[in-house]
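Structural characterization, general
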Amino acid sequence: MLNLWTFIFLCFLHLSSFNVVLGAVGDSLVSENPFTPKASVIRYWNKEIRREITKTHFLLSKVSPLTAVDSASFSKLAAQNDLASHLPSFCSSAKLFCFPDLSPSLEKHPKDERFAVYSNMNFSNYGTDRLAGVDSFKNYSEDSNIVVDSFHRYSRDSTGHKEQFANYASEGNVVDQNFHSYAASATGGSGNFNNYNREVNNPNLRFSSYGDDSNGHGQTFTQYTENANAGNGQSFSSYGKNGNGVPNDFSSYGKGANVIGSGFSGYGEAANGANDSFTSYGFDSNAPQNTFKSYGDGGNAAVNTFSSYRDQSNVGDDSFQSYAKNSNGEKVDFSNYGQSFNEGTDKFTGYGQGAVGQSIGFKIYGRNSTFKDYAKKEGIVFGRYNNGSSSETAQVKGGSSAVNKWVEPGKFFREKLLKQGTVMPMPDIKDKMPVRSFLPRTIVSKLPFSSSKIGELKRIFHAGDNSTLETVMLDALKECERAPSPGESKRCVGSAEDMIDFATSVLGRNVEVRTTENVKGSKQNIKIGSVKGINGGKVTKSVSCHQSLYPYLLYYCHSVPEVRVYEADILDPKSLEKINHGVAICHLDTSSWSSNHGAFLALGSGPGRIEVCHWIFENDMTWTISDS
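Let me begin by describing the structure that accompanies this report. (Residues numbered from 1 in each chain as written. Predicted model: local features only at pLDDT ≥ 70, side-chain atom pairs only at ≥ 80, totals over all residues. Heavy atoms only, no water.)

Some points on the state of the cysteines
This structure, assessed with the given rule, holds 4 disulfides. One disulfide in the model links C480 with C492; its S-S distance is 2.0 Å. Taking the sign of the torsion about the S-S bond as the criterion, the disulfide between C480 and C492, at about -95 degrees, is left-handed. Within this pair, whereas C480 is found in helix 8 (residues 468–481), its partner C492 is found in strand 24 (residues 490–493), the two being separated by 12 residues in sequence. A relative accessible area of 15% means that C480 is categorised as buried. Regarding the disulfides, the protein carries the connectivity 1-2, 3-4, 5-6, 7-8 under sequence-order numbering of its bonded cysteines. (Disulfide = S-S within 2.5 Å. Helix = DSSP H or I, 4+ residues; strand = E, 2+ residues; numbered from the N terminus. Buried < 20%, exposed > 50% of the residue type's maximum accessible area, 1.4 Å probe, protein only.)

Take a look at the structure:
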């Protein structure tokens, strides 16, 4: 005799073989297996909102693609806390953002190698004890979505050996790379990284024990993370420690980068005759965050040069701690330091403490007030020190023309431009996040979602300590846990049902969700066609939902009071052909916005004095009360 659960399971299999009609939609029917995540969302929408969802509705494209059987299976594994052991199949089936698990490489490379196209590999014991020769990597992990590379014991104990990396992980999205024990105890030879992580998104690059105990093994980084976007950036730990006569050159480091951080710890510590040069460091970048700790401490006869440091950048923070401490005959030179058009912060502590025969020179130094411990020390020379206002510093680089250069044309605009016939620039509205899907509520409700549970989340999604994925998850969790602003309601949602719940809790059940139709017109001039004001163009409130980077599709949704929402046909200004249908939102109350908000840099004025409009970017959305 069949027990009850066996009977239910057989009934489930029987029903899952049929397509069940879920509801009429205009002239078409939405047919879906009733046990799939999509069917569940359709039923939920039809129950909670006062109209049936269309088959091609934007929101349905975000719903989990899991089959009925897979959804039930993974839901059971989540309940049993056993998803981690099935992560590859879970990520693939549910269309999630997961990092590949790199197993140790057993490949041996006893002679010179020329890699033309290579990606996502774990190299262990590569080039150890190599005598002379050249290893070159060309187009390494190029133009990839998720880049995970690991080099262990690279060129260790080599003699006269050269390494060349050209076009390393350029134009990648979410890059995680680790060089551990790079060129340790190497003698002679050199390494060159050219076009390293150019135009990448979310880089996390770690060099541990880099060039330690080496003798005359030079390293050159050219075009390092140029035009990169938003990441913890670069970490150099124990770089050139105990090295002898090691020349390192960073050229065009972080040029044009956006919100990138660099951490140099133990750089050149106890080195003898080191020669390190940073040229065009952080030039024309936005909000760089750089930390130098124990830099050149205990060094002997070393030369460190920073030329064009953070020149023309926008704000940002630099911290130099324990720089050249207890060194002997060390020369440190900063030329054209910190000539930002918008003031940042620089902090120098323990600089040159206990040093003997030290030479420090600053030429054309930006505004700073943290030189208290050593400004009167012998051997420190300031060529031109700007200690005036931030506006005076800005004038050095040509005044107000630089103020809005970090705000893309068309990203913010005034409401009066939303009228037929207006020609205006459109920013790049393309979604740069990895493609992901919502999880079914039956699964996401069983997963931890708290920064206090990061250990468990790391186990589930196979995130290593200090990895990019760990940082990605923590950043999202902390933003979700942030207290709402005054008058704001907010919620992070990982399922379509949770998004529907939040939107209806703020706006009621008579709601609609809108987004811009496509990305055509991005980064070019457009012409506005017919314009329609939602709810007759009356002042209303909305719920805006923006993507957060996370393993599954996660949206940060928040209430936005006092707005007007518009739909507009977007035309090619020459052919007048309709190329897009855009959704724009105009914020009427900007009184709580920061005075440094990009909108005010672009448009002028300040908080509470003007309205600010922007387009809804690809895959973002805004919920409003329905017109019908």
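Having seen it, we continue.
Describing helix 4 (residues 87–94)
Along helix 4, the residues classified as buried are L87, F90, C91 and A94. Buried positions in helix 4, seen along its axis, are confined to an arc of 95 degrees and lie on one side of it. Helix 4 presents P88 and S92 as exposed residues on the side facing more than 90 degrees away from its buried surface. Where the residues of helix 4 are buried, they touch helix 3 (68–79), helix 6 (441–444) and helix 7 (454–461). Just downstream of helix 4, K95 is the residue with a positive phi angle, here 55 degrees. (Arc of directions from axis to C-beta. Contact = heavy atoms within 4.5 Å.)

Looking at the packing of aromatic side chains
With the rule as written, the count across this model stands at 8 aromatic pairs. Taking the centre distance of 5.5 Å and the plane angle of 75 degrees together, the rings of F97 and F99 count as edge-to-face. Between Y550 and Y552, the aromatic rings sit 5.0 Å apart at their centres with planes inclined by 80 degrees, giving edge-to-face as the arrangement. Assessed through its relative accessible area of 3%, Y552 is described here as buried. These aromatic residues form a ring-pair network of at least three members: F449, Y550 and Y552. Sitting over the ring of Y44, R441 keeps its end group 5.2 Å from the ring centre. (Phe/Tyr/Trp six-rings, centres within 6.5 Å; stacked < 30°, edge-to-face > 60°. Lys NZ or Arg CZ within 6 Å of the ring centre and 35° of its normal.)

With respect to the pattern of salt bridges
Counted under the stated rule, the structure contains 15 salt bridges. A salt bridge links D498 to R441, with the nearest nitrogen and oxygen atoms 2.8 Å apart. Taken together, the residues D498 in helix 9 (residues 496–507) and R441 in helix 6 connect sequence positions 57 residues apart. The class of D498 is buried, set by a relative accessible area of 13%. By relative accessible area, which is 26% here, R441 ends up partly exposed. The residue D569 makes a salt bridge to K578 at a minimum N-O spacing of 3.3 Å. Residue D569 is classed as buried on the basis of its relative accessible area of 15%. (Salt bridge = Lys/Arg side-chain N within 4 Å of Asp/Glu carboxyl O.)

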